[in-house]
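Given next are the chains, with one letter for each unit.
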Amino acid sequence: MNGRVKIGLALGAGASRGLAHIGVLEVLEEYGVPVDFIAGCSIGSIIGCMSANGETGKTIHAKALEICDFKHINLFDITIPHAGLIRGQQIEKLICMVSDDLDIEQLKTPFVAVSACLEDGDVRIFDSGNTTDAVRASISVPGVFEPVILDGKTYVDGGVLVRVPVDAVRKMGADIVIAVDVGYVGGSRPSPKNIIDIMIYSFELQQWEVMRGRPTGADITIAPNTSGINPAMFNQVEECVEMGRAATLLVIDDVQKLIGEAMSKTVKHQGLKGLLHKMSFLNFRKNSTVPWKTRW
């Protein structure tokens, strides 16, 4: 590892609250925190694939402002309900655009998108293949978006089973995992105004009940206070980004300290390995009966 630990970022589900992920990325970049692996779930997979494709937090911020200006861009193609209220073709085009229609293996930073398979009841970690397909599957909130069918399997939002994909990014090889949880954590919130609000609110309640009291397994958890954000509305980009920045600034000293401690341990471990190797080599020279000049 050449003395540097590998850092993984787990970006969680949360619908529009996930715009706070952008603020997290901005602060990590400003403080020089490198990210070696990214795992995203739902909205976290959209922000994650953009970051993995080489976009900076500032660039993603600017694009989010443009994309969420619904006077110019329509992301929600409402359909006659069969498998979901929103067909998802428009947002699929958006994902294709921000990922440059690349395969996951072609992204600049190792990336995975997390989804849930309805047939098997398993978590599906998309670590290869088309990025658009993987992210579109990961964001498919049941009942809201039509699910994605791939290889005969039906995939929906990964938040059904995993709100923050800590295990996924750990398995990628991360020594340190920074989790970003932007989801509902209990308490009051704005009243739902339509059927999509009701469905997303209900989905969030289920997520919260599944994960409440469970440890995330992350080394650092960043939890922006997004309770005042309607998860179905994408018109509060600046507020969400600022929430992400504020939450990250609260723990940035802990992040840097953890990285420093881990690097120190790595350097010491590598130094010990080098010393043991040298001692083994010297012991070989001492005990060998082969003349020195003929040993090589």
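Our structure's up above, just so we're on the same page.
Residues numbered from 1 in each chain as written. Predicted model: local features only at pLDDT ≥ 70, side-chain atom pairs only at ≥ 80, totals over all residues. Heavy atoms only, no water.

### Quick word on the packing of aromatic side chains
(1) Moving on: Under the defined criterion, the tally for this structure stands at one aromatic pair.
(2) Moving on: Seen in terms of ring centroids, Phe-126 and Tyr-155 are 5.3 Å apart; in terms of plane orientation they differ by 70°. Their pairing is edge-to-face. One end of the pair, Phe-126, is in strand 5 (residues 123–126); the other, Tyr-155, is in strand 8 (residues 153–157), with 29 residues separating them in the sequence. A single burial state applies to Phe-126 and to Tyr-155, both of which are buried.
(3) Moving on: Geometry around Phe-126 places Arg-124 over its ring, the cationic atom sitting 4.1 Å from the centre. (Phe/Tyr/Trp six-rings, centres within 6.5 Å; stacked < 30°, edge-to-face > 60°. Helix = DSSP H or I, 4+ residues; strand = E, 2+ residues; numbered from the N terminus. Buried < 20%, exposed > 50% of the residue type's maximum accessible area, 1.4 Å probe, protein only. Lys NZ or Arg CZ within 6 Å of the ring centre and 35° of its normal.)

### Observations concerning a negative patch on the surface
(1) Moving on: Residues Asp-100, Asp-101, Asp-103, Glu-105, Asp-127 and Asp-133 make up a contiguous surface patch of negative charge.
(2) Moving on: Relative to the elements of secondary structure, Asp-100 occurs in the loop between helix 4 (89–98) and strand 4 (111–117). (Patch = residues over 30% accessible without salt bridge, like charges linked within 9 Å, V, L, I, M, F, W, Y side chains within 5 Å. Areas by Shrake-Rupley, 256 points an atom, 1.4 Å probe, with all protein chains shown as cover. Salt bridge = Lys/Arg side-chain N within 4 Å of Asp/Glu carboxyl O. Lys, Arg positive; Asp, Glu negative; His and termini not counted. Charge placed at Lys NZ, Arg CZ, Asp CG, Glu CD.)

### Quick notes on unusual backbone geometry
(1) Moving on: Positive phi values are uncommon outside glycine, yet Asp-101 reaches one of about 55°.
(2) Moving on: For Asp-101, a relative accessible area of 42% puts it in the partly exposed group.

### Comments concerning the nonpolar core
(1) Moving on: Ranked by size, the top nonpolar core spans 66 residues in total, and within it Val-33, Phe-111, Ile-178, Ile-222 and Val-255 carry the most contacts.
(2) Moving on: In this structure, Ile-222 is in contact with Val-24, Ile-178, Ala-179, Val-180, Asp-181, Ala-247, Thr-248 and Val-251, ignoring residues within four places of it in sequence.
(3) Moving on: With 13 residues, the next largest nonpolar core counts Phe-37, Val-112, Ala-168 and Ala-174 among its residues. (Core = buried A, V, L, I, M, F, W, Y, C linked by side-chain atoms within 4.5 Å. Contact = heavy atoms within 4.5 Å.)

### Here's the deal with the environment of Cys-41
(1) Moving on: Considering the arrangement of structural elements, one finds Cys-41 in strand 2 (residues 37–41).
(2) Moving on: Residue classification places Cys-41 among the buried residues on the basis of a relative accessible area of 0%.
(3) Moving on: The sequence separation of Cys-41 and Gly-158 amounts to 117 residues, and the corresponding C-alpha distance is 5.6 Å.
(4) Moving on: Apart from the residues within four sequence positions on either side, Cys-41 is in contact with Leu-11, Gly-12, Ala-13, Val-114, Ser-138, Asp-157, Gly-158, Gly-159, Val-162, Arg-163 and Pro-165.

### Thoughts on the layout of surface pockets
(1) Moving on: When its volume is computed, the second largest pocket comes out at roughly 450 Å³.
(2) Moving on: In this structure, the second largest pocket is lined by 20 residues; those nearest its centre are Leu-161, Val-162, Arg-163, Val-164 and Asp-167.
(3) Moving on: Every element with two or more residues in the lining of the second largest pocket is listed here: strand 5, helix 6 (166–171) and helix 7 (195–211).
(4) Moving on: For the lining of the second largest pocket, the element with the most residues is helix 6, which contributes four residues.
(5) Moving on: Among the residues making up the lining of the second largest pocket, the classes are represented as 13 nonpolar, three polar and four charged. (1 Å grid on protein atoms, 1.4 Å probe; cavity = no way out; pocket = protein on both sides within 12 Å on 5 of 7 lines; lining within 4 Å. Points joined across faces, edges and corners; volume = space filled by probe spheres on them. Nonpolar A, V, L, I, M, F, W, Y, C, P; charged D, E, K, R; others polar.)

### Points about the pattern of salt bridges
(1) Moving on: Applying the stated rule across the entire model yields 10 salt bridges.
(2) Moving on: Between Glu-55 and Lys-63 there is a salt bridge, with the nearest N and O atoms lying 2.5 Å from each other.
(3) Moving on: Judged by its relative accessible area of 28%, Lys-63 falls in the partly exposed class.
(4) Moving on: Among the salt bridges present, the one from Lys-153 reaches Asp-120, with a minimum N-O distance of 3.2 Å. Taken together, the positions of Lys-153 in strand 8 and Asp-120 in the loop between strand 4 and strand 5 put the pair 33 residues apart, joining distant regions of the chain.
(5) Moving on: Given a relative accessible area of 28%, Lys-153 falls into the partly exposed group.

### So, the side chain of Arg-17
(1) Moving on: Tracing the backbone through its elements, the reader meets Arg-17 in the loop between strand 1 (7–11) and helix 1 (20–30).
(2) Moving on: Overall, Arg-17 belongs to the buried group, its relative accessible area being 1%.

### Regarding a nonpolar patch on the surface
(1) Moving on: Together, Val-123, Val-160 and Leu-161 make up an exposed nonpolar region whose accessible area comes to about 200 Å².
(2) Moving on: With respect to the helices and strands, Val-123 occurs in strand 5.
(3) Moving on: Given a relative accessible area of 40%, Val-123 falls into the partly exposed group.

### Looking at helix 4
(1) Moving on: Restricting attention to buried positions, one finds in helix 4 the residues Ile-91, Leu-94, Ile-95 and Val-98. For helix 4, the buried positions fall inside an angular range of 100° around the axis, keeping them on one side. Pointing more than 90 degrees away from the buried face of helix 4 are the exposed residues Lys-93 and Met-97.
(2) Moving on: In this fold, the buried residues of helix 4 make contact with helix 2 (43–52), helix 3 (57–67), helix 5 (131–138) and strand 6 (143–145).
(3) Moving on: Positive backbone phi, approximately 55°, marks Asp-100, located one or two places after helix 4. (Arc of directions from axis to C-beta.)

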